[in-house]
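Spelled out from the first residue to the last, the chains are:
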Amino acid sequence: MTPCHFLRIVFALCAPGPVGFAAVAGTNVRAPNVLFIAVDDLNDWIGPLGGHPQAKTPNIDRLAKRGIVFTNAHCAAPLCNPSRAAVFSGRQPFETGIFTNDRNILLTRPELILLPQHFKQGGYRTFGTGKLLHQKAPGLFDENFYPEQYWTPFDPRQADYTVEELPSKATRDPRHVTTLKGRTVVLPLNRMPSDRAPKSERGETFDWGPLEVDDADMGDGQIADWAVARLREARSQPSLFAVGFFRPHIPLFAPRKYFDLYAGLEIRLPEVKANDLDDLSATARRWAIEPVSAGRHATVVKHGQWEAAVRAYLACVSFVDAQIGKMLDALDASPAADQTVIVLWGDHGWHLGEKEHWGKWTGWQRATRTPLIVAPAGTGTGGPFARGVSCAEPVSLIDLYPTLIELCGLPPRAGLSGRSIVPLLKNPARATDRHVLTTFDQGNYSVTGSRWHYIRYADGNEELYDSVDDPHEWTNLSGAPAQKNVLRELARHLPAVVALEQPASPPAPAPKKKR
């Protein structure tokens with residue numbers, strides 16, 4: 001028996017609680033497989049979280065029944081690259097230096113052992129497809145697949161405006177003519193002028209509408225098909241399957257049949273409050289209004305596109321739900337059905353007009369809160385893990401790395417910032433009195449507990465919300481004398497680096513535009 005095999009057995013046997021291993025001849029331990037599903041820009045508009053009453057996600061719903069839904073899960077950063085870098089490194093943005101989309105953790109911090117690498121060192125065969133890290137990482141997995149056309153089914157060479165078309169991009173009649181499967185298509189489908197990049201020849205991404213395509217024409221459909229083929233293969237070696245879907249990231253395009261799911265419905269818009277920004281600082285209002293990761297709310301309303309955008313977001317969520325269903329079907333039909341840990345997570349939330357904001361990249365819970373469902377290996381109600389229930393305790397996506405280490409009996413990894421949530425998988429009602437941290441650009445922080453949510457901007461401005469009595473975060477209590485002690489207590493959970501940061505004067509400008 002090799003030293004590697006010996007260590008695998010020792011850690012498996014010493015891991016707290018049963019971990020679903022099967023002993024073979026008393027000399028080898030079969031670790032569970034892991035299906036690790038990431039969904040881009042997915043907020044709580046799924047059945048298990050009830051964020052939108054009209055959302056249709058039957059496959060995510062059935063996954064929730066076999067695991068635990070964490071209803072108070074938050075990202076480490078409400079932007080694609082820093083959030084994903086945190087998940088895969090198990091470290092906070094202020095620890096890695098990855099705050100925005102312009103740095104690659106593989107190049108910036110090559111000494112860090114990322115989650116797939118740790119699993120590979122532990123004897124796993126690793127598979128990766130789709131959007132996992134923000135950048136393609138072909139060397140991170142033993143086998144990988146990245147579809148050429150992943151943002152849209154349009155040919156990338158035909159997505160940009162021509163020199164003749166570009167002057168129209170900022171007008172009331174933007175017009176870029178292209179083709180899709182032999183049909184002429186005029187973009188943008190929503191007929192809105194560009195807020196973010198009116199002078200750039202690149203195609204506008206703040207767009208939505210149905211397309212006359214099949215699932216397999218979409219990058220996410222190809223990702224699901226590749227993953228299904230790997231899930232069906234029998235192998236003796238434990239496997240990590242990491243699968244990242246691009247929708248519902250903008251542009252909100254999906255095959256027409258998913259829009260048809262919402263045909264004839266009077267779509268409910270998000271609940272908003274008039275003058276919601278009045279009790280915020282000038283800094284916070286800029287974070288809300290500026291078209292950083294999507295377009296302006298005022299433009300959406302002016303062009304009568306709010307309902308259409310909500311419908312498109314719901315359709316894209318249902319489209320991704322169908323791809324998840326394909327993988328669950330393949331897994332359930334395989335020999336590893338009851339030997340696989342399943343994790344579903346979104347990299348951050350997404351605003352659709354709340355706080356007059358569209359997109360991510362804010363400190364409000366619309367952007368920081370994200371879906372997280374964990375289904376341990378095994379089936380039925382027996383065993384140490386709860387199933388088909390929810391947990392309201394605050395957790396962070398950086399907890400996934402240490403959690404999977406424990407569930408799979410792998411050696412611990414030093415330096416991880418998160419904590420294993422296996423105790424909550426066994427007892428979801430267990431009180432933790434925990435607060436989790438989110439960083440949105442350098443120097444801006446969000447602290448979330450079981451009741452209170454605190455935001456501190458780099459210039460020193462603060463916000464405080466009662467998440468129980470004010471779930472929409474309509475009333476900023478930071479100036480209320482009765483909440484001074486709460487504010488002071490929550491500020492204690494800010495990272496130590498805050499003490500070294502100097503407040504900006506004048507207040508910091510809005511962040512640079514992010515994709």
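These numbers were taken from a predicted model, which means no experiment stands behind them. (Residues numbered from 1 in each chain as written. Predicted model: local features only at pLDDT ≥ 70, side-chain atom pairs only at ≥ 80, totals over all residues. Heavy atoms only, no water.)

**Some points on the nonpolar core**
Grouped together as the largest cluster of nonpolar side chains are 68 residues, with contacts concentrated most on Leu-35, Ile-37, Phe-206, Phe-245, Ile-324, Met-327 and Trp-358. Element by element, the count of residues in this core is highest for helix H11 (residues 306–332), at 17 residues. Once residues lying within four places of it in the same chain are set aside, the contact partners of Met-327 are Leu-35, Ile-37, Ala-224, Ala-227, Val-228, Leu-231, Val-243 and Phe-245. Tyr-146, Leu-240, Ala-386 and Tyr-401 belong to the second-largest nonpolar core, a separate cluster that totals 49 residues. (Core = buried A, V, L, I, M, F, W, Y, C linked by side-chain atoms within 4.5 Å. Buried < 20%, exposed > 50% of the residue type's maximum accessible area, 1.4 Å probe, protein only. Helix = DSSP H or I, 4+ residues; strand = E, 2+ residues; numbered from the N terminus. Contact = heavy atoms within 4.5 Å.)

**Some details on the packing of aromatic side chains**
Tallied over the entire structure, the rule returns 19 aromatic pairs. A ring pair is formed by Trp-208 and Trp-358, whose centres lie 6.2 Å apart and whose planes are at 20°; its orientation type is stacked. Of the two residues, Trp-208 is situated in strand S10 (residues 208–211) and Trp-358 in strand S15 (residues 358–359); the sequence distance between them amounts to 150 residues. A relative accessible area of 4% places Trp-208 in the buried class. (Phe/Tyr/Trp six-rings, centres within 6.5 Å; stacked < 30°, edge-to-face > 60°.)

**Looking at the sheet that holds strand S21 (residues 452–456)**
Reading across from one edge, S19-S20-S21-S22 is the order of the four strands in this open sheet, with antiparallel pairing throughout. Each of the sheet's edge strands pairs with one partner strand only, and the pair in question is strand S19 (436–439) and strand S22 (462–466). Averaged over all pairs of adjacent strands, the angle between strand axes in this sheet comes to 15°, irrespective of strand direction. Sheet analysis places strand S20 (residues 445–448) next to S21, joined by four bridges and oriented antiparallel. Bridge pairing in S21 places Tyr-445 opposite Arg-456. (Pairing = 2+ DSSP bridges. Axes fitted to C-alpha atoms, helices over the stretch in contact; angles between N-to-C directions.)

**Considerations on helix H13 (residues 400–408)**
Counting buried positions along H13 gives nine out of nine residues, so the element sits mostly inside the fold. Residue Gly-409 follows H13 closely and has a positive phi angle near 65°.

**Some points on the pairing of strand S6 (residues 125–130)**
Most of S6 sits inside the fold, with five of its six residues counted as buried. In the sheet, S6 pairs with strand S7 (residues 143–145) via three bridges, with the strands oriented parallel. Each bridged residue has a counterpart across the sheet, and for Gly-128 the counterpart in S7 is Asn-144.

**Some remarks on the side chain of Arg-84**
With respect to the helices and strands, Arg-84 occurs in helix H3 (residues 80–89). Judged by relative accessible area, Arg-84 falls into the buried class, the value being 0%. In terms of polar contacts, Arg-84 uses its side chain to reach the backbone carbonyl oxygen of Leu-132, at 2.8 Å. Sequence-distant contacts of Arg-84, that is, excluding residues within four places in its chain, are made with Ala-38, Val-39, Asp-40, Lys-131, Leu-132, Leu-133, His-134, Trp-345 and Asp-347. (Polar contact = N/O pair within 3.5 Å; in protein donor to acceptor, adjacent residues only side chain to side chain.)

**Side note on the layout of surface pockets**
By volume, the largest pocket is sized at about 750 Å³. For the lining of the largest pocket, the class distribution of residues is seven nonpolar, eleven polar and eight charged. (1 Å grid on protein atoms, 1.4 Å probe; cavity = no way out; pocket = protein on both sides within 12 Å on 5 of 7 lines; lining within 4 Å. Points joined across faces, edges and corners; volume = space filled by probe spheres on them. Nonpolar A, V, L, I, M, F, W, Y, C, P; charged D, E, K, R; others polar.)

**Let's talk about the environment of Thr-432**
Within the secondary structure, Thr-432 is located in the loop between helix H14 (422–426) and S19. What makes Thr-432 partly exposed here is its relative accessible area of 21%. Along the chain, Thr-432 and Glu-393 lie 39 residues apart, while their C-alpha atoms are 6.9 Å from each other. Discounting residues that sit within four places of it in the chain, Thr-432 has contacts with Glu-393, Pro-394 and Leu-424. A distance of 2.6 Å separates polar atoms of two side chains, one belonging to Thr-432 and the other to Glu-393.

**Some thoughts on the confidence of the model for the chain**
Mean pLDDT over the chain: 91, with 90% of residues reaching 70 or higher. Overall, residues 1–27 carries pLDDT values under 50, and its contacts beyond four positions in sequence, including any with other chains, amount to 44 contacts. Segment residues 502–510 is flagged for pLDDT under 50; beyond a separation of four residues in sequence, or across chains, it makes 14 contacts in the model. (pLDDT = per-residue confidence, 0-100.)

**Topic: the pattern of salt bridges**
If you walk through the whole model with that rule in mind, you get 28 salt bridges. Notably, a salt bridge pairs Arg-451 with Asp-469, separated by 3.6 Å at the nearest N-O pair. Highlighted residues: Arg-451 in the loop between S20 and S21 and Asp-469 in the loop between S22 and helix H15 (484–491), separated in sequence by 18 residues. What makes Asp-469 exposed here is its relative accessible area of 58%. Where Arg-492 meets Glu-489, a salt bridge forms, and the shortest distance between an N and an O atom there is 2.7 Å. Overall, Arg-492 belongs to the exposed group, its relative accessible area being 59%. (Salt bridge = Lys/Arg side-chain N within 4 Å of Asp/Glu carboxyl O.)

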